[in-house]
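Residues per chain are reported as follows:
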Amino acid sequence: MFHAKRPEQAALLNPLVLVQTIPHLTSPVPPTNSPALAIRDISKRFGPHAVLDGVSLSIPAGRIYGIIGRSGAGKTTLIRIASLLERADGGEIFYSGVSVSGAKGKELIEARRKAGFVFQNFNLFSSRTVAGNVAFPLEAAGWNKTAIRERVEELVELVGLSDKADRPAGRLSGGERQRVAIARALANRPQILFCDEATSALDPETTRSILDLIQSLRQRFGLTVMMVTHQMEVVRRICDDVAIISDGLIVESGPVASVFSRPSSETGRRLVAEVNHA
Amino acid sequence: MREIFDLIARPVLETILMVIASTTIAGLFGGSIGLALYFMSNERLSEHSGQLSIVKKVADRVINTLRSFPFVILMVLVLPLSRLIVGTSLGTVAAIVPLSIAAMPFVARIVESSLAEIDGGILDAALSSGATKARILFAILVPEALPSLIAGLTLTMINLVGYSAMAGVIGGGGLGDLAIRYGYQRFRTDIMIASVLSIIILVEGIQMTGNRITRNLKLKR
């Protein structure tokens, strides 16, 4: 009797296991072991210049995966392709084992609802209030008004802005704006959260508070996060795994601790050296 | 004084009718053209923006050609069209046809450029929210561009007040017609002054209303 209870207790304590064991929380089609996000052999060129040259990576559900590299390395293009904001010239994207990169029209819209995107410049709708911004993805998904109001209230509270819900989005500080953007990105309960330099426009203290928020959201909802950044501190603070990208190629990847302690690539060694000197 | 008022009341109403009717018609047609051009050329909203760039270039040329047409000439050129649409080429209603056509390319440009001003990131955010293009347009793009659209519409209406004065040439009525027939041809300086003053008041009124709406919209952001 005692033995029989153990796996259940373990599952309740660990949010990652929770997500994997409750079937309706994961995608119904794929086997349970398929990664939340898989990128296979993505290439993209702008004119003669190859921005991405066959990039592959996969992120297991519930992990925070950092993509780091210098400006112009192809990080932003990669995250825009992975989040279906841009199309690749070749390769495939899978969300929980389902290919989404070829989706068009209605399918594309459905696929986009499975992912949330947080931008460097927040990109809030200035014609709307905080609540109005968070409500937009729900309106788009056809929720009714009462359901939207309840969900918005819940989300605004989640990011700690309940007292500012009716303010115009433009009248907030940078950190508050990014919180609104995170609430908006999570409105449709996506499986994956894409963050493109989400903290690069913020001061160090606000950066920490936003990272802590993302970390706690992952813990609570088993969210999978792909995080593009040029800040090593961001990777060190919240990422589980990291990939270093240089000239459109992933030059090395693995758990943060091992990549940081023994970088095998030239770019990796230089990035790590910079942090240690700073 | 009473006589001036009696003479001027009807032309004022005619001018207002011409301006409002042609702004509405130009807004509908020109606005749709502007929207189409914006959607066609935006790489985030159109999968084929690359291939459509030729269509866009042709449309740009046509719009610029129409915009550079002197209104007096345009008015004469579309006389047959007025006859076809409203049954006559004379009078206030007939004048609405050339006025609308003259304002259409202008409105198309205003709509297109107001939308194009919106930061691409806003579009990214709306797209990643999983919204259809129609919803993005009406729930995000139009509200975001509203101050600039209102400012553009104000400009259109003021231009149309000026154009409508020229419509007097084809018997269009309105304040311009009054100024020419009474003020100029019959040497009635008082009526000339009254007509010009009325036009100034109309223009000021439109500008002030436009400014106020734009300012209020911006205050709420």
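Our structure's up above, just so we're on the same page.
To start, this report covers the structure provided alongside it.

1. Regarding the overall build of chain A
Of the regular secondary structure elements, chain A holds eleven helices and ten strands. Out of the 278 residues in chain A, the part that is buried amounts to 44%.

2. Overview of the nonpolar core
By size, the foremost hydrophobic cluster in this structure holds 134 residues, and its most contacted members are V118, V134, F194, M226 and M227 of chain A. For this core, the element with the most residues is helix α5 (residues 92-116) of chain B, which contributes 15 residues.

3. Here's the deal with unusual backbone geometry
Residue and element names in this part refer to chain A. Even without being a glycine, D41 presents a positive backbone phi close to 55°. Considering the arrangement of structural elements, one finds D41 in strand β1 (residues 37-46). Of note in the backbone geometry, L84 takes a positive phi value of approximately 65° without being a glycine. Among the secondary structure elements, L84 is positioned in the loop between α3 (75-82) and β4 (90-95).

4. Concerning the interface of chain A and chain B
Taken together, the contact between chain A and chain B spans 21 residues of the former and 18 residues of the latter. At the level of elements, α4 (105-113), β6 (115-118) and α5 (130-140) of chain A are the ones that each hand at least two residues to the side of chain A that touches chain B. In terms of residue count, α5 of chain A provides more of the side of chain A that touches chain B than any other element does, four residues in total.

5. Quick look at the sheet that holds strand β2 (residues 49-59) of chain A
Residues and elements named next belong to chain A. The antiparallel open sheet is built from four strands, whose spatial order is β2-β1-β4-β5. If you trace the sheet from one side to the other, it starts and ends with β2 and β5 (98-99), each paired once. Where β4 meets β5, two bridges bridge the pair, whose relative direction is antiparallel. By the bridge assignment for β5, Y95 is matched with V98.

6. Remarks on helix α7 (residues 133-166) of chain B
The terminal C-alpha atoms of α7 of chain B, which comprises 34 residues, lie only 41 Å apart, well short of the 50 Å expected from a rise of 1.5 Å per residue. Its maximal kink placed at L146 of chain B, α7 of chain B deviates by approximately 60°, while the proline P147 of chain B follows within four residues.

7. Considerations on the pairing of strand β8 (residues 224-229) of chain A
All names here are of chain A. With respect to burial, β8 is a largely interior element, six of its six residues being buried. Across the two faces of β8 the burial is the same, with T224, M226 and V228 and V225, M227 and T229 all buried. Two elements, strand β7 (residues 192-196) and β8, share five bridges in a ladder whose sense is parallel. Across the sheet, F194 pairs through a bridge with M226, a residue of β8. Handedness of the β-α-β unit built from β7, helix α8 (residues 204-221) and β8 comes out right-handed.

8. Some points on the packing of α5 of chain B against α7 of chain B
All names here are of chain B. Interhelical geometry of α5 versus α7 gives an angle of 150° and a closest axis separation of 9 Å. Of the possible angle classes, the one that applies to α5 and α7 is roughly antiparallel. Between α5 and α7 lies a crossing whose hand is right-handed. Within the contact between the two elements, α5 uses A95, L99, A102, A103, F106, V107, I110, V111, S114 and L115 and α7 uses L141, A145, S148, L149, G152, T156, N159, L160, Y163 and S164. Class assignment for the residues of the contact of α5 with α7 results in 14 nonpolar, six polar and no charged.

9. So, the sheet that holds strand β10 (residues 249-255) of chain A
By definition, the strands of a sheet pair up through backbone hydrogen bonds, in either a parallel or an antiparallel sense. Residues and elements named next belong to chain A. Taken in spatial order, the six strands line up as β6-β7-β8-β3-β9-β10 in an open sheet, and their pairing is mixed. Every interior strand has two partners, whereas the edge strands, β6 and β10, have only one. With direction set aside, neighbouring strand axes in the sheet form an average angle of 15°. Note: strand β3 (residues 64-68) against β8, five bridges, orientation parallel. Among the inter-strand pairings, I67 is bridged to a residue of β8, identified as V228. Across the face of the sheet, helix α7 (residues 174-186) comes into contact with β6 and β7 while running at roughly 165° to β6. Across the sheet, helix α11 (residues 266-277) is in contact with β3, β9 (241-246) and β10; its angle to β9 comes to roughly 115°.

Definitions and limits used
Residues numbered from 1 in each chain as written. Chains lettered and ligands numbered in written order. Predicted model: local features only at pLDDT ≥ 70, side-chain atom pairs only at ≥ 80, totals over all residues. Helix = DSSP H or I, 4+ residues; strand = E, 2+ residues; numbered from the N terminus. Buried ≥ 20, exposed ≤ 12 C-beta atoms within 10 Å, placed from the backbone. Core = buried A, V, L, I, M, F, W, Y, C linked by C-beta atoms within 7 Å. Contact = placed C-beta atoms within 7 Å. Pairing = 2+ DSSP bridges. Expected span 1.5 Å × (residues − 1). Bend = angle between axes of the 7 residues up to and from the residue. Right-handed = clockwise from strand over helix to strand, strands pointing away. Axes fitted to C-alpha atoms, helices over the stretch in contact; angles between N-to-C directions. Parallel < 35°, antiparallel > 145°, perpendicular 65-115°, else oblique. Left-handed = near helix turned anticlockwise from the far one by under 90°. Nonpolar A, V, L, I, M, F, W, Y, C, P; charged D, E, K, R; others polar.

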